[in-house]
Amino acid sequence: MALFLIHRPRGADHLKNPAGLHGALVDAANGPAAIAAANALAPGLNAPFADYTATQVAATAQGGFVAALIEGEVVGTAYQTRRGA
């Protein structure tokens, strides 16, 4: 399966969740499956990654990969000018 980075779309500060989880790195078959996998990592938070963006970052996850939740900014504010913000 492919490796996806789950992150808030640019300018969507309203999607920050109270748990401080603002991203995830998961392996999945496609973008919607990646969002579902990220939400499954935080079952007590009621779909914290709804309306987030899933960006494929690799064709396959390497052996030993473990899905992860990310606290704080996924693409930090230092990089916003490179992102066209």
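Everything below is about the structure printed above this text.
Predicted model only: the values in this text are computed from it and were never measured.

Student: Any chance you could break down the side chain of N39 for me, citing the residues and the numbers?
Tutor: Mapped onto the secondary structure, N39 falls in helix α1 (residues 31-40). Residue N39 is classed as buried on the basis of its relative accessible area of 17%. Polar contacts involving the side chain of N39 include one to the main-chain amide nitrogen of F49, which spans 2.9 Å. Setting aside anything within four residues of it in sequence, one finds N39 in contact with A47, P48, F49 and A50.

Student: Which residues make up the packing of aromatic side chains, and what are the values?
Tutor: Using the criterion set out here, one finds one aromatic pair in the structure. Between F49 and Y52 the ring centres are 5.3 Å apart and the planes differ by 85 degrees, which places this aromatic pair in the edge-to-face class. Exposure remark for F49: the relative accessible area of 0% places this residue in the buried category.

Student: Lay out the nonpolar core with the relevant residues and their values.
Tutor: The biggest cluster of nonpolar side chains holds 15 residues, and the ones touching the most others in it are F4, I6, V26 and F49. Only β1 (2-7), β2 (21-28) and α1 provide two or more residues apiece to this core. Per element, the largest residue contribution to this core is four residues, and it comes from β2. F49 has contacts with I6, L21, H22, G23, A24, I35, A38, N39 and L69, leaving out every residue within four places of it along the chain.

Definitions and limits used
Residues numbered from 1 in each chain as written. Predicted model: local features only at pLDDT ≥ 70, side-chain atom pairs only at ≥ 80, totals over all residues. Heavy atoms only, no water. Helix = DSSP H or I, 4+ residues; strand = E, 2+ residues; numbered from the N terminus. Buried < 20%, exposed > 50% of the residue type's maximum accessible area, 1.4 Å probe, protein only. Polar contact = N/O pair within 3.5 Å; in protein donor to acceptor, adjacent residues only side chain to side chain. Contact = heavy atoms within 4.5 Å. Phe/Tyr/Trp six-rings, centres within 6.5 Å; stacked < 30°, edge-to-face > 60°. Core = buried A, V, L, I, M, F, W, Y, C linked by side-chain atoms within 4.5 Å.

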